[in-house]
Amino acid sequence: MKLSFSPEDEQFRVEVAQWLQQNLTGEFEKLKFRGGPGDEHMFPHERQRWEQKLAEGGWTCIGWPQECGGRGCSIEQQVIFNEEYARAGAPGRAGHIGEGLAGPTIIAFGSDAQKQKYLPGIVAGTELWCQGYSEPGAGSDLANVKTRARFDEAKGKWLINGQKVWTSLAHESDYCFVIARTDPDSVAHKGLGFFLVKMAQPGVEVRGIQQITGTSEFNEVFFDNAECDAEDIVGEPGDGWKVAMGLLGFERGVSTLGQQMQFQNELNAVIREARANGADHNPVIRQRIARAHAELKIMRYNSMRMLSGQGGSDGSLQKEALIYKLFWATWHRSLGELAMDVLGPDSQILEDGPYQLTRLQSMYLFVRSDTIYGGTNEIQRNIIAERGLGMPKEPKVAVQ
Amino acid sequence: MDFTFTEDQLLFCDSVKNFLQAEITPESLRASWDTDTGRSDELWQTIVELGLTAMLVPEAQGGLGMNELDFILLAQECGRVALAEALVETALVATPLLSALVDKDPRCASLLEKIASGEIRVAVGHPANELVSDAHVADWLLLPSGDQIHLLARDQVKLVTQHSVDPSRRLFTVEWKATDETCLAGGPEGVQLLAASLNRGALGCAAQLVGLAEAMVSLTVDYTADRHQFGKAIGTNQALKHHMANCAVKSEFAKAPLYRAAYTLSKAPQNADFAVSHAKVAAGEAALLAAKNAIQSFGAMGYTWECDLHIFMKRAWALDKFWGHTGFHKNRLHQWLMNPNAKIGADKTFGIQG
Ligand SMILES: Cc1cc2nc3c(=O)[nH]c(=O)nc-3n(C[C@H](O)[C@H](O)[C@H](O)COP(=O)(O)OP(=O)(O)OC[C@H]3O[C@@H](n4cnc5c(N)ncnc54)[C@H](O)[C@@H]3O)c2cc1C
């Protein structure tokens, strides 16, 4: 065990901090502390330009291997980068689905041709991705996807038909990774494929869904003979489930480090409010703030512990990682409640009409979804109990 | 000892419940969000015709001379449908405040008569709330200034709209000037009336919160029976059953302190602080838990504007912080409990509090 950073790492910290200080200025100044949880819909274009600025400095995809266009940074350096990124108030990353999910999946499971075709756009911050997993009938039961992919011999392409739902940022994205059924007679997790689909084509239609925040960050995506090149299936037809699950491993891996630093910024904002309105004199609020801080540190130390020496490039994490989503989502939801209790009666007043929420209100509403997306709390508990602890599985209902 | 409501109280509640459930629907609420006032004069007149605004108006002023206990079940029903009209505040706060001053100021008697007949509406400000709800549709406003209570016509005040997280609510900052003419009461009497108003406002909130909690549970029970995942209704999962069972326990148990608070307010209002705070805390916790577990059980669907759940969640979040938030009421509870003369003990179950 060694709980400190090396002199080289500290040098790296200085380099990151200086670059951010010099570049998070001018047109990017207004992006400071924006685009985080509940604020993703803000400044999409400016944030994409910022993504490209980061790329110029070599600060996108820093954990990826160098041969894939990354910087090959160690876990320590990724920790440091995220700390400094958050300290500088740099904005929520517009490219996080590409950098954190699509890219690592392509690196782990994709062909050389796919790596050449897709990784550079992610590294450069020019191409954004979205995640096409959920469907009206496939939420927690993800394996129940009905969207189909049929190979059209004449066209030499896959044709995709069906509907995805809750697809975050589909309206801003260039590509979507789609799980679809390649074997029409298959059920559950067999017979699925993992496709890389271009959004700008006649067969793809995106319709926004309004959220309880009044804004619209997620969408319905309809595929009507949407085309996907023969070489744009990751793995073989039938491998879709394996690839999709590998990706979920990334969702719970290093990409969490940046998220925790955003949480720290939010907690700081709550503490600032409490100081400003006197709620910090209330012993109950003080205790809840202390608890929030302690739990955030637990999260941070634990994710470093989980990542230490084991975050393989295939994204595989140890059993301990199973607990992570449940813990952070529940923590974040409580932070929202704390924020509203700190604000007291003011918490119900909007920034402006017709429905312009304050930052903390957006956060409060948004965190209601943290315990739902990416596997609900209930599903996480099932996974912890069944896979982590080996408790008896629930009997399966025969699928029609 | 008898903790039940009378046959009459229950029958009347049933008929009001039927009326509210027919008239106040998620569709009608949504439609109201896009209108100028967000309120319907027609609906208010129907409420008046049912005698609801007259219930707590003294008989001498043409009312029914009823009390808090007669109204509490109705307030719960107003919460259940997320009624936006300020009926609960009119009946439970404005009316008793004016009634307390009938003998002192002739204006009060006339206002009470007109509340009962539906000719006017009265909004109430209070130091516990920075904002006044439904001031825009009120003809008269009762406003606090220090230990004084003032009566102003709407054209004597300036209203500044404040938007609420609950799109049904209409909240205002009121700018106005206190004069001798506008003053209805002050000094110790004013202090006492303001304290009573706080308790009545909090009681009304608590009742609505219990109704909201039950409404959210009921929506969720229906949804989890319809929605299928893994080849079965999601409601078959114990995780969700337990979520709803926990909510049911909270809201059912919040009813006892709620009814007890209504009783105390009607019998010994000067001693009702403890009972009211207890009710507000219990009801707030029930409603917030119902909101949390309901959206969780709905999954992503509950996070959409289109799904009716948020109508109820947002009202619950708003009312939990109105007429004293939970922290405020818990403080009152512990201040009372820590008092060395606090009357707690074997023979004090229903004993005078405070
Ligand atoms: C803000 C937001 C963004 C999202 N972004 C994306 C995206 O970009 N791409 C994408 O593909 N999806 C996305 N999703 C969808 C998300 O992954 C699903 O919402 C999630 O998987 C849950 O599915 P569901 O909403 O259909 O809920 P359901 O599966 O219908 O679940 C409803 C309730 O039933 C419970 N339940 C279901 N099965 C069980 C069981 N076996 N045991 C116990 N409880 C059970 C759940 O825990 C939940 O409480 C997003 C969702 C949200 C809210």
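About the criteria used
Residues numbered from 1 in each chain as written. Chains lettered and ligands numbered in written order. Predicted model: local features only at pLDDT ≥ 70, side-chain atom pairs only at ≥ 80, totals over all residues. Heavy atoms only, no water. UniProt positions renumbered as here; feature names shortened; annotations may be inferred. Near = heavy atom within 4 Å. Polar contact = N/O pair within 3.5 Å; in protein donor to acceptor, adjacent residues only side chain to side chain. Domains from an automatic or database assignment. Contact = heavy atoms within 4.5 Å. Buried area = accessible area lost by both parts, 1.4 Å probe. Salt bridge = Lys/Arg side-chain N within 4 Å of Asp/Glu carboxyl O. Nonpolar A, V, L, I, M, F, W, Y, C, P; charged D, E, K, R; others polar. Phe/Tyr/Trp six-rings, centres within 6.5 Å; stacked < 30°, edge-to-face > 60°. Helix = DSSP H or I, 4+ residues; strand = E, 2+ residues; numbered from the N terminus. Buried < 20%, exposed > 50% of the residue type's maximum accessible area, 1.4 Å probe, protein only. Lys NZ or Arg CZ within 6 Å of the ring centre and 35° of its normal. Axes fitted to C-alpha atoms, helices over the stretch in contact; angles between N-to-C directions. Parallel < 35°, antiparallel > 145°, perpendicular 65-115°, else oblique. Left-handed = near helix turned anticlockwise from the far one by under 90°.

By the naming in an unreviewed UniProt entry, chain B is Acyl-CoA/acyl-ACP dehydrogenase, taken from Pseudomaricurvus hydrocarbonicus. Check the Cofactor (unreviewed entry) section of the UniProt entry for chain B; it says "FAD". Listed in UniProt under the heading Sequence similarities (unreviewed entry), the comment for chain B reads: "Belongs to the acyl-CoA dehydrogenase family."

An unreviewed UniProt entry lists chain A under the name Acyl-CoA dehydrogenase, from Pseudomaricurvus hydrocarbonicus. Its UniProt record gives chain A a comment under Cofactor (unreviewed entry), which states: "FAD". Among the UniProt annotations of chain A, the heading Sequence similarities (unreviewed entry) holds the following wording: "Belongs to the acyl-CoA dehydrogenase family."

## Observations regarding the site of the ligand
Taken together, 29 residues lie near the ligand, and S140, T376 and E378 of chain A together with R227 and Q296 of chain B sit nearest. At the site occupied by the ligand, the surrounding residues belong to chains A and B. Here a nitrogen atom of the ligand and a backbone polar atom of W166 of chain A are 2.9 Å apart. One of the side-chain nitrogen or oxygen atoms of E378 of chain A is found 2.7 Å away from an oxygen atom of the ligand. Each of two domains, domain 2 (129–237) and domain 3 (252–388) of chain A, supplies a minimum of three residues to the shell around the ligand.

## Details of the domain arrangement of chain A
Residues and elements named next belong to chain A. For chain A, the assigned domains are domain 1 (7–94), domain 2 (129–237) and domain 3 (252–388). If you average the C-alpha positions of domain 2 and of domain 3, the two centres end up 30 Å apart. On the side of domain 3, five residues touch domain 2, which itself brings four residues to the contact. The largest share of the area that domain 2 buries against domain 3 comes from S140, I212 and T213, three residues that together contribute 88% of it. One can count zero salt bridges joining domain 2 with domain 3. At the boundary of domain 2 with domain 3, the tally comes to zero residue pairs in polar contact (both at pLDDT 80 or more). Considering only residue class, the side of domain 2 that touches domain 3 consists of one nonpolar, three polar and no charged.

## Considerations on the packing of aromatic side chains
A complete count under the given rule lists 27 aromatic pairs over all chains for this structure. Centroid distance W19 of chain A to W50 of chain A: 5.9 Å. Interplanar angle 45 degrees. Geometry classified as tilted. Remark: W50 of chain A occurs in helix α2 (residues 44–56) and W19 of chain A occurs in helix α1 (residues 7–23); sequence separation between them is 31 residues. One exposure class covers both W19 of chain A and W50 of chain A, and it is buried. Aromatic pair Y223 of chain B and F298 of chain B: ring centres 4.3 Å apart, planes at 15 degrees, arrangement stacked. Pair noted here: Y223 of chain B is in helix α7 (residues 187–226) and F298 of chain B is in helix α9 (residues 273–298), with a separation of 75 residues, a long-range link. According to the relative accessible area criterion, Y223 of chain B is buried, its value standing at 16%. Judged by its relative accessible area of 8%, F298 of chain B is buried. Clustering of aromatic rings is evident, with ring pairs tying together F12, W19, F28, W50, W59, F81 and Y85 of chain A. Directly above the aromatic system of W59 of chain A lies the positively charged group of R71 of chain A, at a separation of 3.7 Å from the ring centroid. Here the basic side chain of R169 of chain B rests over the ring of F322 of chain B, its NZ or CZ set 4.5 Å away from the ring centre.

## A few points about unusual backbone geometry
Of all residues except glycine, most have a negative phi; of all peptide bonds, most are trans. Residues and elements named next belong to chain A. Residue P354 follows G353 across a cis peptide bond; omega there is -10 degrees. Structurally, P354 is set in the loop between α9 (324–343) and α10 (359–370). Although it is not a glycine, F33 sits at a positive phi angle of roughly 60 degrees. Mapped onto the elements, F33 comes out in the loop between α1 and α2.

## A look at the UniProt feature "domain: Acyl-CoA oxidase/dehydrogenase middle" (unreviewed entry) in chain A
Under the feature "domain: Acyl-CoA oxidase/dehydrogenase middle" (unreviewed entry), the UniProt entry names residues 130–225 of chain A. Spanning residues 130–225 of chain A, this segment combines 0% helix with 50% strand, and its end C-alpha atoms are found 19 Å apart.

## Some details on the packing of helix α5 (residues 87–100) of chain B against helix α6 (residues 106–117) of chain B
All names here are of chain B. Remark: α5 packs on α6, axes separated minimally by 9 Å, with the N-to-C direction vectors making an angle of 150 degrees. In terms of orientation, α5 lies roughly antiparallel with respect to α6. The chirality of how α5 crosses α6 is left-handed. Of α6, the residues touching α5 (which contributes T90, T95, L98 and S99) are C108, L111, L112 and I115.

## What to know about the interface of chain A and chain B
Counting from both sides, the interface comprises 43 residues of chain A and, opposite them, 36 residues of chain B. In terms of surface lost to chain B, no three residues of chain A exceed I212, Q348 and E378 of chain A, which account for 20% of the buried area on that side. Summed over the shared surface of chain A and chain B, the result is three salt bridges. Close ionic contact of E337 of chain A with K292 of chain B constitutes a salt bridge, the shortest N to O distance being 3.1 Å.

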